[in-house]
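Structural overview for review
Letter by letter, the chains look like this.
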Amino acid sequence: MRIEGGRPLSGTVQISGAKNAALPALAATLLTEGQVTLSGIPPVADIRTMARLLARIGAAVEERSDGYRVRGASEPEPTAPYDLVKTMRASSLVLGPLAGHYGRARVSLPGGCAIGARPIDMHLTGLKALGASIGQERGYIEAVAPRGGLVGGRIRFRRPTVTGTEDLLMAAVLAKGESVFENAAREPEVVDLADLLTKMGARIEGAGTRTIHVEGVPSLHGTEHRIIPDRIETGTYLVAGALTAGRLTIRGTRREHLERVIERMRAAGCRIGSPDANTLEIDGCTDLTAVDITTREHPGFPTDMQAQFMALMTQASGTSKVVETVFENRFMHVLELQRMGADIRISGNTAVIRGPAQLSGAQVMASDLRASACLVLGALAARGTTTLHRIYHLQRGYANMAEKLRAVGARVEIVDA
Ligand code: EPU
């Protein structure tokens, strides 16, 4: 992707559906033989991978203009193979629904990833608490339910896990009896999944709080559901607006999902307006001041906005501290930002940024999804032209980013997809 920096951005950006809500929603279609119609699914690579995975398992997957219509398999091949899991770790989201509905799931072990080790041990201990036996052979994890199906149980998470909570929620909805989750993830994506499951006939209470109660039901049915807007895409465009002169209007979002991000950006001097709960407006900022952030589980500052916020802090006066507490290795963007002229030092899980720095365009390499977004933002603020390599990382999670940026006046082109 080639980006010419320093141009004002003005106009309206329409936010797409949340990738991280759409992925578990697609996995949830495995819980019924009924037809589930999902809209607001973003056109990104990870979603296409999940759709391929559902089709391999045996579901009938029909792509529509704004989403998918899925009819679950009656005779599934309950396996998530290595070639799909290695490109998308969220493939492990099929463990819970397959074990819950069909009594058996085989998922390739995910292995390492650019932002840290990312084990799935809590998914597995949770499944055991619901009665499954877990085995491992030739790189695959196999979960097998007892003859009568999974049974309700008590699961206390060592720490909140987003996909772990989602995976086990999907396992528990068809288990016999009551399940209780303690220290569950409270992210909006978990709530959206619970909303979908409830429409399918599940009985869930407390999604969005630390404790979730599930009363198992014998079966679920088809339904229709619209995915929530992507709060991380929203935050990314807020930073784009702040870093460039002009004014961006961001539509189709949910302000309530971004409270901490908006609060930190305002503390840094960004002027963010909100004419209604679904719209945000941001002016280019010339007088940013350094503020600190520490990433935390929701409702704290999201780790998925850490890299983008760091791009913003390179343009703020003073010294800011960015502390990453969710993943152990999520500073891959720092070396590339430094190559563009940023003054950043890392010590353990803390990055110290001194600004403002005049960034200049360079050849840079994307290492993961949010790191790529950070480099696009740095490039928009930089003098000269940046070439971002390996943009497949960006395309995993941002819907039509080049088009959306061009529509508000950025000079962005995809030279080689
Ligand atoms: N963890 C374990 N054991 C587990 C599960 C998680 O130790 O069994 C650890 C992780 O290594 C991490 C922490 O717990 O240190 C929290 O990880 P979590 O499980 O919440 O992350 P995730 O579910 O794998 C989702 C998003 C990520 C996002 C994180 C945190 C999806 C598909 N992915 O991952 O999104 O960063 O929650 O909010 O929902 C992205 O979109 O770029 C992305 C990486």
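Quick summary incoming for the structure in this document.

Rules of the game
- Residues numbered from 1 in each chain as written.
- Predicted model: local features only at pLDDT ≥ 70, side-chain atom pairs only at ≥ 80, totals over all residues.
- Heavy atoms only, no water.
- Pairing = 2+ DSSP bridges.
- Helix = DSSP H or I, 4+ residues; strand = E, 2+ residues; numbered from the N terminus.
- Axes fitted to C-alpha atoms, helices over the stretch in contact; angles between N-to-C directions.
- Contact = heavy atoms within 4.5 Å.
- 1 Å grid on protein atoms, 1.4 Å probe; cavity = no way out; pocket = protein on both sides within 12 Å on 5 of 7 lines; lining within 4 Å.
- Points joined across faces, edges and corners; volume = space filled by probe spheres on them.
- Nonpolar A, V, L, I, M, F, W, Y, C, P; charged D, E, K, R; others polar.
- Parallel < 35°, antiparallel > 145°, perpendicular 65-115°, else oblique.
- Left-handed = near helix turned anticlockwise from the far one by under 90°.
- Core = buried A, V, L, I, M, F, W, Y, C linked by side-chain atoms within 4.5 Å.
- Buried < 20%, exposed > 50% of the residue type's maximum accessible area, 1.4 Å probe, protein only.
- Phe/Tyr/Trp six-rings, centres within 6.5 Å; stacked < 30°, edge-to-face > 60°.
- Lys NZ or Arg CZ within 6 Å of the ring centre and 35° of its normal.

Attention now goes to the sheet that holds strand β16 (residues 272–276). Strands sit in the order β2-β15-β17-β16 across an open sheet of four strands; the sheet is mixed. Each edge of the open sheet carries a strand with a single partner, namely β2 (11–14) and β16. Across the sheet, the mean angle from the axis of one strand to that of its neighbour is 25 degrees, orientation sign disregarded. As paired strands, β16 and strand β17 (residues 279–283) are joined by three bridges and run antiparallel to one another. Note on β17: the bridge partner recorded for D276 is T279. Across the face of the sheet, helix α8 (residues 231–243) comes into contact with β2, β15 (247–251), β16 and β17 while running at roughly 25 degrees to β17.

Here four strands make up an open sheet; going across it, the order is β10-β11-β13-β12 and the pairing mixed. Two strands in the sheet have a free side with no partner beyond their single neighbour: β10 (154–156) and β12 (203–205). Each adjacent strand pair in this sheet contributes to an overall mean axis angle of 15 degrees, direction not counted. Relative to strand β11 (residues 178–182), β10 is paired through three bridges, and the arrangement is parallel. Along β11, the bridge assignment pairs R154 with V180.

Now for the pairing of strand β8 (residues 133–137). Pairing between β8 and strand β9 (residues 140–144): five bridges, direction antiparallel. Following the sheet pairing, E137 is matched in β9 by Y140.

Turning our attention to empty space enclosed by the protein. A probe matching the size of a water molecule, rolled over the atoms, marks out where space remains unfilled. On inspection of all chains with the given rule, the structure shows one cavity of 30 Å³ or more. Every residue lining the largest cavity is listed: S16, G17, P42, V44, D230, E233, G397, Y398 and A399. Its residues assigned to classes, the lining of the largest cavity shows four nonpolar, three polar and two charged.

Look at helix α11 (residues 332–339) against helix α12 (residues 369–381): their axes get within 9 Å of each other, and the N-to-C directions meet at 20 degrees. It follows from the interaxial angle that α11 and α12 lie roughly parallel. The crossing of α11 and α12 is right-handed. On α12, the residues that touch H333, E336 and L337 of α11 are A371, C374 and L375. Partitioning the contact of α11 with α12 into residue classes produces four nonpolar, one polar and one charged.

If you look at the biggest cluster of nonpolar residues, it comprises 73 residues, and the most contacted ones within it are V94 and L197. Ranked by residue count, the leading element in this core is helix α1 (residues 19–28), at seven residues. Residue contacts for V94: discarding those within four places in its chain leaves A27, L30, M50, L53, I57, A80, V107 and D167. One finds I15, V261, I272 and F301 within the second-largest nonpolar core, a separate group that totals 70 residues.

Applying the stated criterion across every chain yields a total of two aromatic pairs. For the ring pair F157 and F181, a centre distance of 5.8 Å and an interplane angle of 85 degrees mean the geometry is edge-to-face. In this pair, F157 is assigned in the loop between β10 and α6 (162–172) and F181 in strand β11, connecting sequence segments 24 residues apart. Taken together, a centroid distance of 5.3 Å and an interplanar angle of 75 degrees make the contact between F301 and F309 edge-to-face. Judged by its relative accessible area of 0%, F309 falls in the buried class. Seen from the ring of Y140, R106 lies directly overhead, with NZ or CZ sitting 4.3 Å from the centre.

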